[in-house]
Every structure is written in structure tokens, then in C-alpha cells.
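Observations on the model geometry
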Amino acid sequence: MSRKYFGTDGVRGKVGKSPITPEFAMHLGFAAGTALVKHSTMAKGEHPAVLIGKDTRVSGYMLEAALEAGFSAAGVDVMLVGPLPTPGVAYLTRALRLQIGVVISASHNPYDDNGVKFFSAQGSKLPDEVESEIETLLDHPIRCKDSRGLGKARRIDDAVGRYVEFCKSTFPQSLDLRGLKIVVDCAHGAAYHVAPHVFHELGAEVISIGVSPDGYNINDKVGATHTELLSRTVRAQNADLGIALDGDGDRLIMVDARGRRYDGDQLLYVIARGQSGLAGVAGTLMTNLALELALKKMGMAFDRAKVGDRYVLELMQQRGWTLGGENSGHIICLEKHSTGDGIVSALQVLAAIRSNKSTLAGMCRGLRLFPQILVNVPAPKGFNWQSRPRLVKAVRDAETALGDTGRVLLRASGTEPLFRVMVEGRDPVRVSTLAKQLARAVSRNT
């Protein structure tokens, strides 16, 4: 599929620069709405409907209004929920039997980025072929319906309460969180008025940080990508553990009572240990080799998808598996939800801890991650490292140096103008040296 606008997680970029402008957002809403009307099975005279949610970025107001106008012009009704985690939008799209869910968010990126991503009626990411159809329609002009054919818009006032109850329903009825002291970091993002209530209502003593969004502070030294404050707060409050979400609430990182950080690979391992009868677990090309070996030792199959939670989900569906995720903290528990959900994933980790009468550190015994270095190098869109002979040789030399005890992965980011260089192996010194060498080689050859 030719991707002019869509990356691995929708359309994303700097606000005010193409494609994150009000003009484009309106056109995107119209194109998506046109595709929706074309494939709609609604009765004559009825309009298909979409749900639009957003995170806490100041630009969300602008993009929300533009998308609403585009969908309405295409003859699609719009339901607005305001700030709500991405998985909350996916859940409500399913629960309300709507045709599409739309999230305005740039996830873990800074506040001056933003983006738009779509969910199907089943609450999963749109297939590539549907995104391709929307991209094709973006090349066509907007042709507004007449007044009788326009879509209407309304707000759903109880969206947060519905989603809180859904999250709680994914935790075992036989367990509770009484006696646990938990620090919850919501990254000043979409989960700020959701996550603390979920854990508190299940019995935990909750200390909340990152719950004062002002439109500009989302992900700013808080959340899943900046866990230093969480670690300090857990130690200072003598808490049992800490939970960090990202700006749109679909990513999870945790810290233990000593403030040590646990990434998505480690949390996947904990959840897998807490579930019996798992046939296999899906990861990505970035998943730590140690997790693959540990799962296989437990008798579970493991396979890798391309980077991106949509591809993890596709692999899970192909294999008939119910658990998968990325080391960045996107974890999909298909028995609980149709997409990755930071709150739901945290509850599955806590369920494993409680049912085993253990701790986060205790549940991770048996998994010792290999050193893995990831270096981001600025690179133009479409950069193909395999067309650079010197870079190809540098990669081959690094792989030879690592032998069977490590891996090298080069790939373009699907969400930022960056090229990612990853080196993994048993020897941390060798891994660090090779990662720096390859990053310099990429820089010289872009």
C-alpha cells in the first residue's frame, strides 16, 4: 500500500504543518466519511455514525471541530466524548455499535504534535486496504451533501463512567487491590480522569501524578516515556509499585517498590506467567531475545510481527493467540479488549501478582533481558538503508561480531522523521559500541 499520509498509527505530524492542519483534518473527515457511507449497510434515510475522542493537547479542539465538519459534510453523524484514552474510544465504538471510532492524539509525542487514527466497528485498527481507500479519496475535492443529507453531532456525557466500569470488569471478581499502595502517572494525558478511579475503586490506595493537563504539558517529563518522577514518587511514598501511562493511555510501563523500571517485554512475561493454557505470545522485531527464550522455556510459542500494535494484532489473529505486545508498552490482551490498553494491561499484571501472592520483582524472576541499545537518527522519509552499500556492509560486520548471541535491526519510524538503529546481545559493551558505530554509519549515508 502506498502511504502518503498514514503511518503505522494513523496520520501524525507537527501541528500547523501539513498534514496536521484544520483544512486537512476536514478533508480527512470527509474522505473517511465518504468511504463509510459507501460501505454502509444502514437503512435508507439513516446515517452511519462515528465516535470522536481526543487527548489533552490544545490543538485537539481545532482538529475535533474540523473532523466533525468533514464527517457531517459527508452525511455521517458524529458523537463527541472529549478527552478519553484511545482504548476507551475503541471500547465505546464497539459498545455503541458505531461504524468508526476516531482518536485525535499523538500518543507519547510532545504537545505540539498531533494526529488522527481510526478504529473499526470491532474496536481494532483499520485494515491497510481501508486506509488506502481513504488516502485515494483525499485526492478528490469535498462535495458537501445538501442540507437534508448532512450528519448531526452530539456529546456523550457518560463516556468516562462507562469506560471506568469496563476497565474494572477486566479484573477478576475474586481479587481486589486492597492493601496495595499504587502511584499512577497519567502523563497529563487522556487517562487523567479515568485511571486513578479504576485502581481506587478496586481497593488500592492511589497517589496520582500527571493529572493536571493544561493543553501543553502532556508527556512533559511524565508518563510512560519519562518514568523518573514516578520512580522517585514510589520511593518517597513507600508505595508498592507505580503505573505509567502515555498521553493517550494505550501504553504501559511500571516500576517496582524500589523504583526499578519494567518495560513491555517484562510486563508481557508477568501476564503470561499469570495465565494458564496460553499457546503462544506475539511480539515484534524489537522484542528482547531473552523474552522469546523465557517463553519457550515455559512451553509457549513465540513469533515476531513488524513494529506497530496493528501488526501484533494481525499476527495474534492469524495464530489464534490472545496475548501480544511491544517492548514500548503496547500490550494487547484479546480476551479482555480488542486493542492495546494501558489500564487493562496494568490490571492483568496486578491480577498475576495478586493471584501468585508475589510482587512485580518476584514475578519477573526467570527473565533477564539482554542489553539492547536503540539509537534514533534523523533521516528523510523513505530512506532505504539497503540501497547504501557501505551501510549494508556495516550491518553485516556488526552481525558477524555478534554471532548467534545478538541481533541488529534497522528500520524507519512509522510516527516520526527518524531512523531507528537497534543492537541487542549478551555483551553490553559490544552492544553499545556497535550501536554507536551503526548510528554514525546511518548518519553519514542518509
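Residues numbered from 1 in each chain as written. Predicted model: local features only at pLDDT ≥ 70, side-chain atom pairs only at ≥ 80, totals over all residues. Heavy atoms only, no water.

**Side note on helix α3 (residues 86-95)**
Burial within α3 is extensive, with eight of its ten residues counted as buried. Looking only at α3, the buried set comprises T86, P87, G88, V89, A90, Y91, L92 and T93. Check the buried side of α3 and you find it contacts β2 (49-54), β3 (77-83), β4 (100-104), β5 (113-119) and α5 (159-169). Once α3 finishes, R97 follows within two positions and takes phi at roughly 55°, a positive value. (Buried < 20%, exposed > 50% of the residue type's maximum accessible area, 1.4 Å probe, protein only. Helix = DSSP H or I, 4+ residues; strand = E, 2+ residues; numbered from the N terminus. Contact = heavy atoms within 4.5 Å.)

**Points about the packing of helix α8 (residues 264-274) against helix α9 (residues 289-297)**
Following both chains from N to C, one finds α8 and α9 inclined at 10°, their axes separated by 10 Å at the closest point. Judged on the interaxial angle alone, α9 and α8 are roughly parallel. Residues D265, L268, Y269 and A272 of α8 pack against L291, A294 and L295 of α9. Here the residues of the contact of α8 with α9 are counted per class, giving six nonpolar, no polar and one charged. (Axes fitted to C-alpha atoms, helices over the stretch in contact; angles between N-to-C directions. Parallel < 35°, antiparallel > 145°, perpendicular 65-115°, else oblique. Nonpolar A, V, L, I, M, F, W, Y, C, P; charged D, E, K, R; others polar.)

**A closer look at the nonpolar core**
Residues F199, I243, I343 and L350 are the most contacted members of the largest nonpolar core, which totals 69 residues. Broken down by element, this core gets its largest block of residues, nine residues, from helix α11 (residues 342-355). Here F199 is in contact with L177, V184, A204, V206, I243, I343, A346, L347 and L350, once residues within four sequence places are set aside. If you look at the next biggest cluster of nonpolar residues, it comprises 28 residues, including F6, F24, L80 and V102. (Core = buried A, V, L, I, M, F, W, Y, C linked by side-chain atoms within 4.5 Å.)

**What to know about the sheet that holds strand β16 (residues 372-378)**
Within the open sheet, the three strands sit side by side as β16-β18-β17. Their pairing is antiparallel. Both edges of this open sheet fall to β16 and β17 (406-412), since each of them pairs with a single strand only. Ignoring which end each strand starts from, the neighbouring axes of this sheet average 10° apart. Alignment of β16 against strand β18 (residues 418-425), held across seven bridges, turns out to be antiparallel. Of the residues in β18, the one forming a bridge with I373 is V423. Relative to β18, helix α14 (residues 428-445) is tilted by about 155°, and along the sheet it contacts β16, β17 and β18. (Pairing = 2+ DSSP bridges.)

**Thoughts on the packing of aromatic side chains**
Evaluation of the coordinates by the stated rule reveals six aromatic pairs. Residues F6 and F118 carry aromatic rings whose centres are separated by 6.2 Å and whose planes lie at 45° to one another, so their mutual orientation is tilted. Taken together, the residues span a long stretch of sequence, with F6 in the segment before β1 (11-14) and F118 in strand β5 at a distance of 112 residues. For the pair shown, F6 and F118 are each scored as buried. Taken together, a centroid distance of 5.5 Å and an interplanar angle of 75° make the contact between Y111 and Y216 edge-to-face. In this pair, Y111 sits in the loop between β4 and β5 while Y216 sits in the loop between β8 (205-209) and α7 (228-236), placing the two residues 105 residues apart along the sequence. Residue classification places Y216 among the partly exposed positions, given a relative accessible area of 46%. Three or more aromatic residues joined by ring pairs form one cluster here, namely Y91, Y163 and F166. Just above the ring of Y61 sits the side chain of K54; from NZ or CZ to the centre is 3.9 Å. (Phe/Tyr/Trp six-rings, centres within 6.5 Å; stacked < 30°, edge-to-face > 60°. Lys NZ or Arg CZ within 6 Å of the ring centre and 35° of its normal.)

These values are about where atoms sit, not about what they do.
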